[in-house]
Amino acid sequence: MVSRLTLGTAQLGLDYGINNKIGKPQKKKALDILEFAFTNNIRSFDTASVYGDSETILGDFLRNKEHSSCYITSKLGPLAKNEIHHSNLEQEIFQRIQTSLTNLKIECIDNYLIHDFQDIALYDELIPILIKAKSSGLIKSIGVSVYTPQEAEKIIEITEVDTIQIPLSILDQRFLKNSLLKRLKERGFTIFSRSVFLQGLVFMDVNNLPPNLTSANKYLTKLNQLAQENSTNLSKLALGFVNSIEEIDSIIIGVDSVLQLKQNIEDFKSLDIFPFDTSIFANIDENIIDPRKW
Ligand SMILES: NC(=O)c1ccc[n+]([C@@H]2O[C@H](COP(=O)([O-])OP(=O)(O)OC[C@H]3O[C@@H](n4cnc5c(N)ncnc54)[C@H](OP(=O)(O)O)[C@@H]3O)[C@@H](O)[C@H]2O)c1
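## With respect to the overall build of the protein
Thought 1: In terms of regular secondary structure, the protein is built from 12 helices and 8 strands.
Thought 2: Against the compact-globule benchmark of 19 Å for 294 residues, the protein has a radius of gyration of 19 Å, which places it among compact chains.
Thought 3: Taken along its principal axes, the extent of the C-alpha atoms in the protein is 55 × 40 × 35 Å.
Thought 4: Evaluated residue by residue, the protein yields a buried proportion of 52% over its 294 residues.
Thought 5: For the protein, the proportion of contacts with a sequence separation of at least 24, taken over those separated by at least 6, is 77%.
Thought 6: Carbon together with sulfur atoms contributes 49% to the accessible area of the protein, which is approximately 13500 Å² in total.
Thought 7: In the protein, 31 positive and 37 negative side-chain charges are present, and the distance between their average locations comes to 3 Å.

## Quick notes on the site of the ligand
Thought 1: What surrounds the ligand is a group of 29 residues, the closest being Gln11, Tyr16, Asp46, Ser195 and Asp256.
Thought 2: Contact distances for the ligand include 3.4 Å between a nitrogen atom and a side-chain N or O atom of Tyr51.
Thought 3: A distance of 2.4 Å is found between an oxygen atom of the ligand and a side-chain nitrogen or oxygen belonging to Asp256.
Thought 4: Look at the ligand: alone it shows 910 Å² of surface, and the protein chains cover 92% of it.
Thought 5: Within the residue set of the shell around the ligand, elements represented by two or more residues are helix H1 (10-13), strand E8 (250-253) and helix H11 (258-269).
Thought 6: Among the elements that make up the shell around the ligand, the one with the highest residue count is H11 (3 residues).

## Things to note about unusual backbone geometry
Thought 1: Its identity as a non-glycine residue notwithstanding, Asn41 has a phi of 70°, on the positive side.
Thought 2: Among the secondary structure elements, Asn41 is positioned in the loop between helix H2 (27-39) and strand E2 (44-46).
Thought 3: For Asn41, a relative accessible area of 54% gives the class exposed.
Thought 4: Positioned with a positive phi, Glu83 is a non-glycine residue whose angle comes to about 55°.
Thought 5: Within the secondary structure, Glu83 is located in the loop between strand E3 (71-76) and helix H4 (89-104).
Thought 6: In this structure Glu83 comes out as exposed when scored by relative accessible area, which is 72%.

## Concerning helix H7 (residues 149-156)
Thought 1: Residues of H7 that are buried: Pro149, Glu151, Ala152, Ile155 and Ile156. Relative to the axis of H7, the buried residues are bounded by an arc of 150° and lie together on one face. Exposed side of H7, more than 90 degrees from the buried face: Gln150 and Lys154 are the residues found there.
Thought 2: Contact partners of the buried residues in H7: helix H5 (118-122), strand E5 (142-145), strand E6 (163-167) and helix H8 (180-186).

## Some remarks on the pairing of strand E4 (residues 111-114)
Thought 1: The two faces of E4 match: Asn111 and Leu113 on one face and Tyr112 and Ile114 on the other face are all buried.
Thought 2: Of the strand pairs in this sheet, E3 and E4 are connected by 4 bridges, and their pairing is parallel. From the neighbouring strand, Ser74 faces E4, where its bridge partner is Tyr112.
Thought 3: Here 3 bridges tie E4 to E5, and the two strands are oriented parallel to one another. Each residue of the ladder has a partner; that of Ile114, found in E5, is Val144.

## Some remarks on helix H10 (residues 234-243)
Think of an α-helix as turning once every 3.6 residues; residues three or four places apart then point the same way.
Thought 1: Here H10 lies mainly inside the structure; 8 of its 10 residues are buried.
Thought 2: Taken as a whole, H10 has its buried residues at Leu234, Ser235, Leu237, Ala238, Leu239, Gly240, Phe241 and Val242.
Thought 3: By the N-cap criterion, in which a side-chain oxygen at the helix start approaches the backbone nitrogen of a residue two or three places on, H10 is capped by Asn233, the distance to Ser235 being 3.2 Å.

## Here we look at the pattern of salt bridges
Thought 1: Within this structure, the stated rule accounts for 20 salt bridges.
Thought 2: The closest approach of N and O atoms between Lys81 and Asp116, which form a salt bridge, is 3.0 Å. Of the two residues, Lys81 is situated in the loop between E3 and H4 and Asp116 in the loop between E4 and H5; the sequence distance between them amounts to 35 residues.
Thought 3: A salt bridge links Arg292 to Asp290, with the shortest nitrogen-to-oxygen separation between them at 2.8 Å.
Thought 4: What makes Arg292 partly exposed here is its relative accessible area of 47%.
Thought 5: The class of Asp290 is buried, set by a relative accessible area of 1%.
Thought 6: Where salt bridges share partners, they join Lys27, Asp60, Arg63 and Lys105 into one cluster.

## Describing the sheet that holds E3
By definition, the strands of a sheet pair up through backbone hydrogen bonds, in either a parallel or an antiparallel sense.
Thought 1: The strand order around the closed barrel formed by 8 strands is E1-E2-E3-E4-E5-E6-E7-E8, and the pairing between neighbours is parallel. On average, each strand axis in the sheet is tilted by 25° relative to the strand beside it, whichever way the strands run.
Thought 2: Packing of helix H6 (residues 126-135) onto the sheet brings it into contact with E3, E4 and E5, and relative to E4 it is tilted by some 170°.

Cut-off values and rules
Residues numbered from 1 in each chain as written. Predicted model: local features only at pLDDT ≥ 70, side-chain atom pairs only at ≥ 80, totals over all residues. Heavy atoms only, no water. Helix = DSSP H or I, 4+ residues; strand = E, 2+ residues; numbered from the N terminus. Rg over C-alpha atoms; globule rule 2.2 N^0.38 Å. Buried < 20%, exposed > 50% of the residue type's maximum accessible area, 1.4 Å probe, protein only. Contact = heavy atoms within 4.5 Å. Areas by Shrake-Rupley, 256 points an atom, 1.4 Å probe, with all protein chains shown as cover. Lys, Arg positive; Asp, Glu negative; His and termini not counted. Charge placed at Lys NZ, Arg CZ, Asp CG, Glu CD. Near = heavy atom within 4 Å. Polar contact = N/O pair within 3.5 Å; in protein donor to acceptor, adjacent residues only side chain to side chain. Arc of directions from axis to C-beta. Pairing = 2+ DSSP bridges. Salt bridge = Lys/Arg side-chain N within 4 Å of Asp/Glu carboxyl O. Axes fitted to C-alpha atoms, helices over the stretch in contact; angles between N-to-C directions.

Nothing here speaks to function; it is geometry throughout.
Shown next as structure tokens:
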């Protein structure tokens, strides 16, 4: 069962995030974060083979848990970028799934995503191989992580894909256009959203933005104003916005510390209906909202 919040674990395996001043947490602290999430009923965890030692840390945490009490998403790292040849593809993918299972110390990955959308077009055999892995019981569902609505439009057509992970935030409303989310839901996808805090950009001091993101200043200033005028905070605004979108099954959040997680859980628990007009943030330039362009 997917919980309403999913804990993202890139932060636990890598020095991750635009505003990250402390680097990745020590292993003991990472395990404390996972335990704190579990105790507070966050039972869904998102990792990937390319997130440093995130899978192994999550596996050490899962060692003392019933796997059935958690929902684990991991991802197939890029294929074409690693020059994997078609003739080796099946063996390579099965080997990678096996490595992830060993790292995670579980028998089956609940949700296995294609991490690099480009691989779908470059390898016709990719989806059939994942179907085989699903029939073998190594993975329970097949998903894709996308960055743009155009990519999601292509995934809608692929009937064998069960889940999709999209970027969505108060500053990134691209997926709300053209009834895309509604159509994804009608097609039956389990939908995960990520980037609720845009890697931490939402919390950044507007006077201290990196040179390539100074154009975000006016939006962050408006966001801070909105929070102040309504006696709320940035975390509640960001979480409240995504939580108000009914098509989303689970909101992925990233944190570097128990303190941040505690704050986010408290804020999440106290959310009410989301009454704010956010149309001023509806059309922000992709250079600001797509972290690949930073
Ligand atoms: N292609 C993909 O599949 C893909 C891509 C990206 C992410 N992901 C997944 O999504 C997860 C989340 O990553 P994201 O980029 O979406 O991050 P996010 O949740 O938008 O932002 C997380 C960052 O916000 C800051 N933060 C969180 N709570 C805070 C609080 N209460 N106060 C102040 N700052 C706070 C922290 O950064 P600082 O403390 O460093 O400022 C934290 O690392 C990842 O772990 C990964 O699992 C997947």
